[in-house]
Amino acid sequence: MTRHPSRTMHPWALARSLTRVAVAAATTSVVALGASAQTPAPAGPAAAEPATAATLVMTGSGSLSSDTYERRVQRQVNIRRANHGLRKLRFADCPDGTAERWSRYLAANDAFFHQSMTSVLDKCNAQYAGETLGRGSMTPHKLVRMWMESPAHRDILLSKKSRRLGVGASRDDFGRWVVAANFIRF
């Protein structure tokens, strides 16, 4: 006989599981134009949905190292959050590692789609996870500005649920930045 999950789990555990499912299902993507598309959380890279929008190519960030680019993206995100009365997001190793691995994967495979947010939640033992993606030859300032111009991505950047941030920025074979930013709450 199967028991109903709410009778076998503590209320906080059930709420956390439901939050993970809801957040994973609501993950969105962003590209340089700031357009977004809702994508379900896939089981893995092969099952992921491609991001659906064109990529804008701009100049101005050619000489930055990946570490510098990532720090500047984080700084720009925190400036936007402060402008809206929200707390700054602190760096955390786990979302940073998942973002860096994902941006390298996307750049190496000329791909552009979200990783599984369920996987990020599990790897980081997090209650909340959101992700924004970007691809193009643009400055960190321009990238974050375009994210802010997209309602779905603006919601992720300005979420009160987020507490930590990890950013991965890698160059693809065309010299474009491929950026993944993972927003989480432990």
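Bear in mind the structure is a predicted one, so any value in this text is a computation, not a measurement.

Some thoughts on the sheet that holds strand β5 (residues 164-171)
Working step 1: Strand order in the open sheet formed by four strands is β3-β5-β6-β4, and the pairing between neighbours is mixed. Edge positions in the sheet fall to β3 (90-91) and β4 (128-136), since each of these pairs with one other strand and no more.
Working step 2: Across the sheet, helix α3 (residues 66-83) is in contact with β3, β5 and β6 (177-185); its angle to β5 comes to roughly 140 degrees.
Working step 3: Each of β3, β4, β5 and β6 touches helix α4 (residues 93-108); the most contacted strand, β5, lies at about 25 degrees to it.

Description of the state of the cysteines
Working step 1: Evaluation of the coordinates by the stated rule reveals one disulfide.
Working step 2: One disulfide bridge connects Cys94 with Cys124, the sulfur atoms lying 2.1 Å from each other. Across the S-S bond of Cys94 and Cys124 the torsion is about -90 degrees, and the bridge reads as left-handed. Linking Cys94 in helix α4 with Cys124 in helix α5 (residues 117-124), this pair joins segments that are 30 residues apart in sequence.

A short note on the pattern of salt bridges
Working step 1: Following the criterion strictly, the structure yields four salt bridges and no others.
Working step 2: Between Arg145 and Glu149 there is a salt bridge, and its shortest N-O distance comes to 3.5 Å. A residue pair is termed a helical-turn pair when its members lie 3 or 4 positions apart in one helix, as Arg145 and Glu149 do in helix α6 (residues 140-149) at four residues.
Working step 3: For Glu149, a relative accessible area of 54% translates into the label exposed.
Working step 4: Note that Asp172 is salt-bridged to Arg176, the shortest N-O span being 2.6 Å.
Working step 5: Note on Asp172: relative accessible area 8%, which makes it buried.
Working step 6: Note on Arg176: relative accessible area 14%, which makes it buried.

Reading the values: the criteria
- In every chain, residue numbers begin from 1 and rise along the written sequence.
- Local features are withheld for residues below a pLDDT of 70 in this predicted model, meaning they are given only at 70 or higher, and side-chain atom pairs are given and counted only at 80 or more; totals for whole chains, interfaces and linings count all residues.
- Values shown for side chains rest on all heavy atoms present in the structure; no hydrogens or waters enter the calculation.
- In this analysis, strands are considered paired if DSSP registers two or more bridges between them.
- Numbering goes from the N terminus for both helices and strands, where a helix is a DSSP run of H or I of at least four residues and a strand is a run of E of at least two.
- Whether two residues are in contact is decided by their heavy atoms: any pair within 4.5 Å suffices.
- Interaxial angle, 0 to 180 degrees, is taken between N-to-C directions of lines fitted to C-alpha atoms, where a helix line uses only the stretch in contact.
- We call a pair of cysteine sulfur atoms a disulfide whenever their separation is within 2.5 Å.
- A side-chain nitrogen of Lys or Arg and a carboxyl oxygen of Asp or Glu constitute a salt bridge if their distance falls within 4 Å.
- The rule is simple: take the accessible area with a 1.4 Å probe, protein chains only, and divide by the maximum for that residue type; under 20% is buried, over 50% is exposed, in between is partly exposed.

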